[in-house]
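# Architecture and fold: a report
Residue-level listing of the chains:
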Amino acid sequence: MEAPSSSSSSQCSYEDYKETADWLKAHTEQRPKVAIICGSGLGGLADLLSDKTVVPYKDIPRFPISTVPGHAGQLVFGKLQGRECVCMQGRFHFYEGYNIHTVTYPVRVFFLLGVKTLIVTNAAGGLNGSYDVGDIMLIKDHINMPGFAGQNPLCGHNDERFGVRFPCMSDAYDLELRALAKQTAKEQGCNSFLQEGVYCMLAGPTYETIAECRLLQTLGADAVGMSTVPEVVAARHCGLRVLGLSLITNKVVADYDSNEKANHEEVLRTTQRRTQDIQRLVSHLITKI
Ligand code: HPA
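Read on for an overview of the structure. (Residues numbered from 1 in each chain as written. Predicted model: local features only at pLDDT ≥ 70, side-chain atom pairs only at ≥ 80, totals over all residues. Heavy atoms only, no water.)

### Re the site of the ligand
Quick reminder of the rule: Here a residue counts as near a molecule or strand whenever at least one of its heavy atoms sits within 4 Å of it. N or O atoms within 3.5 Å of each other form a polar contact, as long as, within protein, one can give a hydrogen and the other can take it, and as long as residues adjacent in sequence are counted only when both atoms are side-chain atoms. Only the protein chains shown count as covering a residue, and every accessible area follows the Shrake-Rupley method with a 1.4 Å probe. Where helices and strands are cited, they refer to DSSP runs of H or I of at least four residues and of E of at least two residues respectively, numbered from the N terminus. Residue type decides the class: Asp, Glu, Lys and Arg count as charged, Ala, Val, Leu, Ile, Met, Phe, Trp, Tyr, Cys and Pro as nonpolar, and the leftover types, Gly among them, as polar.
In the vicinity of the ligand, the contacting residues are Ala123, Ala124, Gly125, Tyr207, Glu208, Val224, Gly225, Met226, Thr249, Asn250 and Val267. Between a nitrogen atom of the ligand and a main-chain N or O atom of glycine 125, the distance comes to 3.3 Å. Here a nitrogen atom of the ligand and a side-chain polar atom of asparagine 250 are 2.7 Å apart. Against a free-state accessible area of 260 Å², the protein chains account for coverage of 95% of the ligand. Counting residues per element, the ones that place at least two in the shell around the ligand are strand E5 (117-126), strand E8 (223-225) and strand E9 (241-251). Sort the elements by how many residues they give to the shell around the ligand and E5 lands first, with three residues. Considered class by class, the residues forming the shell around the ligand number six nonpolar, four polar and one charged.

### Here's the deal with the nonpolar core
Here is the rule we go by: Residues belong to one nonpolar core when they are buried, are Ala, Val, Leu, Ile, Met, Phe, Trp, Tyr or Cys, and are joined through side-chain atoms within 4.5 Å. Throughout this description, buried means an accessible area under 20% of the type-specific maximum (1.4 Å probe, protein chains only), exposed means over 50%, and partly exposed covers the range between. Here, residues are in contact when the closest pair of their heavy atoms is within 4.5 Å.
Leu24, Leu75, Phe110 and Leu118 are the most contacted members of the largest nonpolar core, which totals 46 residues. Among the elements that take part in this core, helix H4 (residues 105-113) stands out by supplying six residues, more than any other. Setting aside residues no more than four positions away along its own chain, leucine 24 makes contact with Val55, Ile60, Leu75, Phe77, Val109 and Leu113. Counting 29 residues, the second-largest nonpolar core is a separate cluster that includes Ile36, Leu45, Ile119 and Cys190.

### A few points about the packing of helix H6 (residues 175-187) against helix H9 (residues 264-286)
Put simply, the rule is: Interaxial angles span 0 to 180 degrees and are taken between N-to-C directions of axes, which are lines fitted to C-alpha atoms, for helices over the stretch in contact. An angle below 35 degrees is treated as roughly parallel, one above 145 as roughly antiparallel, one from 65 to 115 as roughly perpendicular, and anything else as oblique. For a crossing to be left-handed, the near helix must be turned anticlockwise from the far one by less than a right angle; the clockwise case is right-handed.
Contact pair H6 / H9: the axes reach a minimum separation of 9 Å and the direction vectors enclose 120°. If you check the angle between H6 and H9, you find them oblique. Viewed along their axes, H6 and H9 form a crossing whose handedness is right-handed. Side by side, H6 and H9 meet where Leu177, Leu180, Ala181, Thr184 and Ala185 of the first sit next to Leu281, His284 and Leu285 of the second. Class assignment of the residues belonging to the contact of H6 with H9 gives a composition of six nonpolar, two polar and no charged.

### A short note on the environment of leucine 247
Within the secondary structure, leucine 247 is located in strand E9. Using a relative accessible area of 0% as the deciding quantity, one classes leucine 247 as buried. When the C-alpha positions of leucine 247 and glycine 39 are compared, they lie 9.1 Å apart, and in sequence the two are 208 residues distant. What leucine 247 contacts, discounting residues up to four positions off in sequence, is Leu42, Asn122, Ala123, Ala124, Gly134, Asp135, Ile136, Thr270, Thr271, Arg274 and Ile278.

### A short note on the pairing of strand E7 (residues 194-201)
Defined as follows: If DSSP finds at least two bridges between two strands, the strands pair.
For E7, the buried fraction is high: six of the eight residues fall into the buried class. As judged from the eight bridges shared by strand E6 (residues 136-144) and E7, these two strands associate in the parallel manner. Among the inter-strand pairings, asparagine 144 is bridged to a residue of E7, identified as methionine 201. Alignment of E7 against E8, held across three bridges, turns out to be parallel. The residue bridging tyrosine 199 from the neighbouring strand is alanine 223, located in E8.

Right, here's the structure in full:
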């Protein structure tokens, strides 16, 4: 009898991931130990790399293709401050209609390429009333809302070559990397707008209602967004260390008297304003990893 889970049908096999990784190994001699997933409007980091090999997603066997405007849709291998890394310029969001296994496909490919550390960046709405627009939040923990609803990338058959059936998530965001990030933020003059908090992922693409924002605040979330958590879950499953950075692009509307409305234009404006700070932070941090 077939496995009962509908999600198992969308799963990829170890051989699929390996085919992609082997193809990439044949296309670049670079063997990065650090992968960076660039969030909305934060793909400029990849442009800073030297000795670049750029591989459009559409050319990579079995790789998904990005559909969001502002996401370039390519892997960029190269050196950031002399350190080899690979950047995803454009990530895959659940709200685009990808299944949750597809969203995390690149993470397992990175693992098979020999990557040991994953840096994820995203744009997020600030739920914590003390946060300002433009703050950078080090993610110390997450709330996996799609996971609560059965959309966890590890649902379905577990391949032990990636990791254990029931992985721990209480240590998802590496303490040592967070300490390095704090130290780097101080050195780079980013300390005054650095925060540390809990990221909550919702599936999107709708922004939150006022009641939903209040619920998330009650739950202890400091920022809300539509990405990152599936990739982090897949990365921790296969033993990658993770650093997560959320750029607080807007304050959520949690007040029935407010005339403010969440909108994508504000998100993009804030990412433009802070993109250089994030780039500076990540590129100096990477030399310490
Ligand atoms: N909500 C959800 N996702 C987001 C937001 C928000 O307010 N801002 C940027 N991404």
